[in-house]
Amino acid sequence: MTHTLCLAAGDILRALRGAACPSSALHLYSLFRLRLGPSVPPDFAWSAAAFALKPIAAASSLPLLSHFHGHLLRSNLLAYPHVASSLLRAYSLLSPPAAHQLFDQIPPTTCNIYVLNIMLASLCRSSDLGSARAFFDDIPDKDIVSWSTMLTCYFSRGHLADGLAFFRSVTFTTDIGVDGVMLATTLTACTSAGLPLPFCRAIHGYAVRGAIPPSMHLGTALIDFYSKAGRLDYAARVFALVPHRNVMHWTAMICGLASHLRNNEAVQMFEKMCQRRLQPNEMTFTAVLSACVNAGLVEKGREFFKLMVDRYCLEPNIHHYGCMVDLYAKAGLLEDAYEVIKTMKVEPNVIIWTSLLAACKKSKNFEIAVQGIEKALALEISDENAGLYMLISDLYAMGGRWDDVLKVRRLMDEHNVWKKRGLSSIHVHEPQDLSSVVVR
DNA sequence: ATAGGGTTAG
């Protein structure tokens, strides 16, 4: 008998709630059913089913989901709104048409505000804006999540003005009010649309007047917004005021420092965060590695990359590999850069090949260039790759391989690839002393 | 002990 069998039902439920992968969730679920048999109290039964559905949806396995759906039908669990809504959410993430079909079968008595909001979110992701809005208008007792979902729908489809008008109508025509989630999505939309600083600051002012704390998502959005607006000092102030500071806040702050080329401070913050036993995620590593690239900190970068894989068990993605290639390439360590490309577990992209080949050009290293070019030419030809093709043609010219130069030029002509002018949107401001605000 | 909306990357 395994020791898990000795767990009480409550313990199994708790474990089930925290289960990350579907196999352990399903294992715990069947253990739970086995222990309590058919006499399981209903509220225990439906919460177990609802918990199990979350990792199934996250693993995006449709066969697994329809199998579990069958079980729910056989055991009459679908009549519980919690189970119906969790199942609907799982389907909406894996197969929107199937979610629509399931929604039509849910009886009116089970169809509460949770079910309606999940269906609205599903339509926002998969259907057109008009259908989503029509569905929203038909929801009888809209709550803050209904409004929040619709608001996100406008912004995610680029309807900034309509979204802002919708935001105003929440405050003027309803008594629902606005919360930190709505402010975070609004602020993010305004930031990425490049709206002027005073306008975006007004959103922060709104939160302050409404006594909405800069916790969780709002805090992250504010730190990111102020960094991008060139006000690292404000970003640091928000960071210092966040009530329950988490990885996202640290990551946004490290990102901000790195993008302002305050590289050593970015590295210091990263190290401080690790000392405080906070688990950095893959985004945190992208930020700190890019700081290492900016500052040419080869050894630090190498150390952090190793830390990410060995200590934090994170799988490096294209951004991480890109940083490592750039780090070595800029330091003239072309063998190391090419070694990263050869051993990486994802396909190298244009950025990575450009980084390597630009370094080859600079230090006139043709051996590695020739090997890289052959593989880089396998990429799909598009406008985005124009710079890479120019680089390849330059390298061939430097090596005196004129027939190959012509070949690349002809390739560019055939596919009508033009070199576009790049525009830099990065503004670097005067350094400010942040030491008093960043650390508390 | 109870579902749903959301934040970060050249």
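Note on numbering: residues in each chain are counted from 1, in written sequence order. Here chains are named by letter from A upward and ligands by number from 1 upward, in the order in which they appear as written. Only residues with pLDDT of at least 70 get local features here, since the model is predicted, and only at 80 or more are side-chain atom pairs given and counted; chain-wide, interface and lining totals rely on the full set of residues. Only hydrogens and water are removed before side-chain values are computed, so all heavy atoms of the structure are retained for them.

## Some points on the nonpolar core
In terms of nonpolar packing, the biggest core is built from 140 residues, with Leu72, Met253 and Leu356 touching the most fellow members. Among all residues touching Leu356, those that are not within four sequence positions of it are Val325, Leu334, Ala337, Tyr338, Ile341 and Ile368. For the purposes of this section, nonpolar cores are sets of buried Ala, Val, Leu, Ile, Met, Phe, Trp, Tyr and Cys residues that join through side-chain atoms within 4.5 Å. Here's how the labels work: a residue is buried when its accessible area is under 20% of the maximum for its type, exposed when over 50%, partly exposed in between, all with a 1.4 Å probe on protein chains only. Should any heavy atoms of two residues lie within 4.5 Å, those residues are counted as being in contact.

## Observations concerning the UniProt feature "repeat: PPR" (unreviewed entry) in chain A
UniProt positions are given in the numbering used here, feature names are shortened, and annotations may be inferred rather than shown by experiment. As annotated in UniProt, the feature "repeat: PPR" (unreviewed entry) corresponds to residues 112–146, 246–280, 281–315 and 317–347 in the numbering used here. Runs of E in the DSSP output that reach at least two residues are strands. Runs of H or I that reach at least four are helices, and both are numbered from the N terminus. A distance of 12 Å separates the end C-alpha atoms of residues 112–146, which is 77% helix and 0% strand. Here residues 281–315 is 77% helix and 0% strand, with 10 Å between the C-alpha atoms at its ends.

## Things to note about the protein's contact with DNA strand B
Close contacts around DNA strand B come from 36 residues, with Arg14, Arg17, Asn117, Asp143 and His217 the closest. We define proximity as follows: a residue is near a molecule or strand when any one of its heavy atoms falls within 4 Å of that partner. Taking all atoms of DNA strand B within 4 Å of the protein, the share assigned to sugar and phosphate is 35%. N or O atoms closer than or at 3.5 Å make up a polar contact, with two conditions inside protein: a donor-capable atom paired with an acceptor-capable one, and, for residues adjacent in sequence, both atoms drawn from side chains. Residue His319 places a side-chain N or O atom 3.4 Å away from a base nitrogen belonging to DNA strand B. With 5 residues, helix α9 (residues 144–156) is the largest single contributor of residues to the surface near DNA strand B. Of the residues contributing to the surface near DNA strand B, the split by class is 13 nonpolar, 15 polar and 8 charged. Each residue is assigned to one class: nonpolar for Ala, Val, Leu, Ile, Met, Phe, Trp, Tyr, Cys and Pro, charged for Asp, Glu, Lys and Arg, and polar for all the others, Gly among them.

## Quick word on the pattern of salt bridges
Basic side-chain nitrogens of Lys or Arg form a salt bridge, by our definition, when they fall within 4 Å of a carboxyl oxygen of Asp or Glu. A full pass over the atoms with the stated rule returns 14 salt bridges. Note that Asp11 and Arg14 form a salt bridge whose closest N and O atoms lie 2.9 Å from each other. With Asp11 and Arg14 both in helix α1 (residues 9–17), this residue pair falls 3 residues apart, about one helical turn. Classification of Asp11 as partly exposed rests on a relative accessible area of 30%. The salt bridge partner of Lys407 is Asp404, with a shortest N-O separation of 3.5 Å. Placement of both Lys407 and Asp404 in helix α24 (residues 402–414) is noted, with a separation of 3 residues, approximately one turn of the helix. Relative accessible area serves as the criterion here: at 51%, Lys407 is assigned to the exposed category. Each of Glu271, Lys300 and Glu303 takes part in a single network of salt bridges with overlapping partners.

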